Amino acid sequence: MPCDSSRDVSPSPMRNLLTSFSGLVAIVLCAGCTETVSHQIAFDEAAFKGSERTGNATVTGRAYGIYRGNEHIAGDETVQLLPVNAYTTETIQGLLSGRQMQPDPRLTKYSRSASSDSNGNFVIHHVPAGEYYVISFAEWHHQYEAENGDDTGTDKVTADYKKPIFAKASVRAGETVRVNQWNQECPDIGLPFAHG
């Protein structure tokens, strides 16, 4: 009989995250990353064994990013759950250094995802037991006044911001794991893109 427990999960120290981070299907396609590179670690389907199954655990939480001390909700965003292995760890290491890794198309079948609501809340069902990374983006906009350059005053300018966030979740069969804290070490990507 599966256990019916609920645990809070906080991210492990950065070293542990970097050595065990799992693949990012949505994040690896980010347009704001500065450089596209190929994986040095080959995609090995054996490393994903068991994660293609349907499980009876749930991963839930509230996704948010911190920028200059302010919290920004990852509202109405895709939240992905991916198994931890060497291939996906390399993907995260790339993201942490601002490089976009070209994903193997087979990665999609090992990914689970859900959409967050406007407050960043999400629920991913049918998760098999295992170690996972939970990944999303916090996006927000900031309006400010800027001189228009022709000495006639100021214009309203909007700056668009985007920040990848992630956490690690250890999932046991039948339980609900709640992700409350997100690792904020990823660089802000494409920030800011200003437009009038």
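Values in this document were obtained by computation on a predicted structure and should not be read as measured data.

Calculation notes
- Residues numbered from 1 in each chain as written.
- Predicted model: local features only at pLDDT ≥ 70, side-chain atom pairs only at ≥ 80, totals over all residues.
- Heavy atoms only, no water.
- Helix = DSSP H or I, 4+ residues; strand = E, 2+ residues; numbered from the N terminus.
- Buried < 20%, exposed > 50% of the residue type's maximum accessible area, 1.4 Å probe, protein only.
- Areas by Shrake-Rupley, 256 points an atom, 1.4 Å probe, with all protein chains shown as cover.
- Core = buried A, V, L, I, M, F, W, Y, C linked by side-chain atoms within 4.5 Å.
- Contact = heavy atoms within 4.5 Å.
- Polar contact = N/O pair within 3.5 Å; in protein donor to acceptor, adjacent residues only side chain to side chain.
- Phe/Tyr/Trp six-rings, centres within 6.5 Å; stacked < 30°, edge-to-face > 60°.
- Lys NZ or Arg CZ within 6 Å of the ring centre and 35° of its normal.

### Some words on the overall build of the protein
Point 1. For the protein, the helix and strand inventory stands at two helices and 13 strands.
Point 2. By the burial criterion, 45% of the 196 residues in the protein qualify as buried.
Point 3. Here the protein displays about 9,800 Å² of accessible surface, and carbon together with sulfur accounts for 47% of that area.

### What about the nonpolar core?
Most often, soluble globular proteins have nonpolar side chains that are buried together.
Point 1. In this structure, V59, F122, V127, V134, V171 and W182 are the most contacted members of the largest nonpolar core, which totals 25 residues.
Point 2. Counting residues per element, the ones that place at least two in this core are β3 (57-62), β4 (64-67), β6 (78-83), β9 (121-127), β10 (130-147), β11 (154-171) and β12 (176-179).
Point 3. In terms of residues, this core owes the most to one element, β11, which gives six residues.
Point 4. Setting aside chain neighbours within four positions, we find V127 in contact with G55, N56, A57, V59, L81, R112, Y132 and V171.

### With respect to the side chain of Q80
Point 1. Take Q80: it is sitting in strand β6.
Point 2. What makes Q80 buried here is its relative accessible area of 6%.
Point 3. At 3.0 Å, the side chain of Q80 and the side chain of S111 are in polar contact.

### So, the side chain of H72
Point 1. Assignment of secondary structure puts H72 in strand β5 (residues 70-73).
Point 2. A polar atom in the side chain of H72 sits 3.5 Å from the side chain of W140.
Point 3. Setting aside anything within four residues of it in sequence, one finds H72 in contact with Y64, G65, Y67, A138 and W140.

### Concerning the packing of aromatic side chains
Point 1. On inspection of all chains with the given rule, the structure shows six aromatic pairs.
Point 2. Ring plane angle 20° and centroid distance 4.8 Å describe the contact between F43 and F48, whose orientation is recorded as stacked. The pair F43 / F48 is uniform in exposure class, with both members buried.
Point 3. Ring centres of F43 and Y87 lie 5.0 Å apart, and the angle between their planes is 85°; this geometry places the pair in the edge-to-face category. Highlighted residues: F43 in the loop between β2 (35-37) and β3 and Y87 in helix α2 (residues 86-96), separated in sequence by 44 residues. Considered together, F43 and Y87 belong to a single accessibility category, that of buried residues.
Point 4. One aromatic cluster is present, formed by F43, F48, Y87 and Y110 through successive ring pairs.
Point 5. Across from the ring centre of F137, 4.5 Å away, lies the NZ or CZ of K162, which sits over that ring.

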